[in-house]
Amino acid sequence: MEMVGKYDRLVLKYLKKTKRLKTLKEFEKGLDRKQKKDERKPVKLSFAIQKAPERKKIEKDSIDKKPRQIKKEESKDKKTVVIPDKFIKIAKKFGLPEEHYEFFYENRESFHFESMEKNDVHCIEKTCKFTAKASPKCLVEHMITAHNYTDIPCGKIDCSYVAYSQFNLKQHQANFHGHGLKPTEYSIHPCPYSSCKVSFGLKSNLQRHLNIHENRVLSCSYCQYRIVNPDVLHVHLLVHFNLKNFACDICQRAFTTKTLLNQHKNQVHTTDDFICVDCGFVTQKFRSLYTHRSTCKERLKFSRIL
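Calculation notes
- Residues numbered from 1 in each chain as written.
- Predicted model: local features only at pLDDT ≥ 70, side-chain atom pairs only at ≥ 80, totals over all residues.
- Heavy atoms only, no water.
- Helix = DSSP H or I, 4+ residues; strand = E, 2+ residues; numbered from the N terminus.
- Buried < 20%, exposed > 50% of the residue type's maximum accessible area, 1.4 Å probe, protein only.
- Contact = heavy atoms within 4.5 Å.
- Areas by Shrake-Rupley, 256 points an atom, 1.4 Å probe, with all protein chains shown as cover.
- Arc of directions from axis to C-beta.
- Phe/Tyr/Trp six-rings, centres within 6.5 Å; stacked < 30°, edge-to-face > 60°.
- Polar contact = N/O pair within 3.5 Å; in protein donor to acceptor, adjacent residues only side chain to side chain.
- UniProt positions renumbered as here; feature names shortened; annotations may be inferred.
- Core = buried A, V, L, I, M, F, W, Y, C linked by side-chain atoms within 4.5 Å.
- Domains from an automatic or database assignment.
- Salt bridge = Lys/Arg side-chain N within 4 Å of Asp/Glu carboxyl O.

1. Overview of the overall build of the chain
Here is step 1 of the chain: In terms of helices and strands, the chain carries twelve helices and twelve strands.
Here is step 2 of the chain: Going through the 306 residues of the chain one by one, you find that 30% of them count as buried.
Here is step 3 of the chain: Taking as baseline every contact in the chain between residues at least 6 positions apart, the subset at least 24 positions apart corresponds to 35%.
Here is step 4 of the chain: Element-wise, carbon and sulfur atoms account for 52% of the exposed surface of the chain, whose accessible area totals about 23800 Å².

Here it is, written out as structure tokens:
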């Protein structure tokens, strides 16, 4: 008790010196209170420190995130070209193929619709200079006799695709039944065929894949060419009519698409190195990179056929 009294005196002295009158008054009241007879120790305050409630962690997997490239592809799929009724009447009048209305409408400034016979249709083979007057199936006979075009079934399991040439068959089997792309977390739409291990991030891409499985294709009106992608058929028609609207600003060479123009610049006019995205192989020539990719061990890890 002696130590408590000494402590109280020091506190009283300090409060008086610092003129904390209100605190001093309350402190003196506390000193005047007498302890109960059966209480030996001064009253002590007791409390327990509790943990703050834990924050709920938001799992990253629950957030539906998609890469930018997928959003671009979605918007691209939704984009449609509206063809005016006036143009459709003109197209019917001059006998334009109905399945190619969109192509002719987008390139309407390049054609003389008064007489489609004035427009020559070019052979799509690179080394061939043959042309014919525009009319349905005008190149079919030429493609059969000069380039051995003929219907060839794929023959693979669960594939009903029918190729139109030996080159097209090899291209189909390499791209469709060959080595797959590296799987990602966005590849959530697998192919339903048990023999096919590929999966896609978009339902539209899966549907296009199934169209190849079941041979639901778009056909060219002038030759035997067939494809599932309407954009690729559009490029095919550009080659038929020799429409080259993209010119290189360095050498003035013209190309049918912007993609081909960019490839040309990367192959001919660039000094940058080409790098393999899977193994890091570096080369100064695009052709060397193209050859390397066919044998790259890191890329072949994700093969569907090995």
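2. Some remarks on helix α6 (residues 140-147)
Here is step 1 of the chain: Buried within α6 we find V140, H142 and M143. Down the axis of α6, the sector holding all buried residues measures 165 degrees, keeping them to one side. Exposed and oriented more than 90 degrees from the buried face of α6 are E141 and T145.
Here is step 2 of the chain: In the stretch just after α6, N148 is the one whose phi turns positive, near 60 degrees.

3. A few points about the packing of aromatic side chains
Here is step 1 of the chain: Throughout the structure, instances matching the rule amount to eight aromatic pairs.
Here is step 2 of the chain: When the ring of Y164 is compared with that of Y225, the centres are 5.5 Å apart and the planes differ by 55 degrees; the resulting orientation is tilted. With Y164 in the loop between β4 (162-163) and α7 (166-176) and Y225 in the loop between β7 (218-219) and β8 (226-227), this residue pair connects regions lying 61 residues apart in the sequence.
Here is step 3 of the chain: Consider the rings of F274 and F286, whose centres lie 5.7 Å apart with planes at 75 degrees: the pair is edge-to-face. On the criterion of sequence distance, the pair formed by F274 in strand β11 (residues 274-275) and F286 in helix α11 (residues 286-293) is long-range, its members being twelve residues apart.
Here is step 4 of the chain: Residue classification places F274 among the buried positions, given a relative accessible area of 12%.
Here is step 5 of the chain: What makes F286 partly exposed here is its relative accessible area of 30%.

4. What to know about the side chain of N229
Here is step 1 of the chain: The topology assignment puts N229 in the loop between β8 and α9 (230-240).
Here is step 2 of the chain: Classification of N229 as buried rests on a relative accessible area of 16%.
Here is step 3 of the chain: Among the polar contacts made by the side chain of N229, one reaches the main-chain amide nitrogen of D231 at a distance of 3.0 Å.
Here is step 4 of the chain: The residues contacting N229, other than those within four sequence positions of it, are R208 and L218.

5. Quick word on the UniProt feature "domain: C2H2-type" (unreviewed entry) in the chain
Here is step 1 of the chain: When the UniProt feature table is mapped to this numbering, "domain: C2H2-type" (unreviewed entry) covers residues 189-218 and 246-274.
Here is step 2 of the chain: A distance of 24 Å separates the end C-alpha atoms of residues 189-218, which is 37% helix and 17% strand.
Here is step 3 of the chain: Regarding residues 246-274, the helix share stands at 38% and the strand share at 17%, and the terminal C-alpha atoms are separated by 24 Å.

6. Observations regarding the nonpolar core
Across soluble globular proteins, nonpolar side chains have a tendency to be buried as a group.
Here is step 1 of the chain: Counting residues in each nonpolar core, the largest one holds 38 residues, and the members touching the most others are F103, F104, Y222 and F241.
Here is step 2 of the chain: Mapped onto this core, the elements with two or more residues apiece are α4 (85-93), α5 (101-106), α7 and α9.
Here is step 3 of the chain: The element contributing the most residues to this core is α5, with four residues.
Here is step 4 of the chain: Both domains that meet at this core, namely domain 1 (119-149) and domain 2 (151-228), each give it at least three residues.
Here is step 5 of the chain: C191, C196, V198 and L210 belong to the second largest nonpolar core, which has six residues in total.

7. Some points on the pattern of salt bridges
Between side chains of opposite charge, pairing is possible as soon as their charged atoms come close.
Here is step 1 of the chain: Counted according to the given criterion, the structure contains five salt bridges.
Here is step 2 of the chain: Measuring nitrogen to oxygen at the nearest pair gives 3.2 Å for the salt bridge that ties R226 to D151. Residue R226 is found in strand β8, and its partner D151 is found in the loop between α6 and β3 (152-153); the two are separated by 75 residues along the sequence.
Here is step 3 of the chain: We classify D151 as exposed; its relative accessible area is 51%.
Here is step 4 of the chain: E214 is the partner of R216 in a salt bridge, and the nearest nitrogen-oxygen pair spans 2.0 Å.
Here is step 5 of the chain: On the basis of relative accessible area, E214 is assigned to the partly exposed category, the value being 31%.

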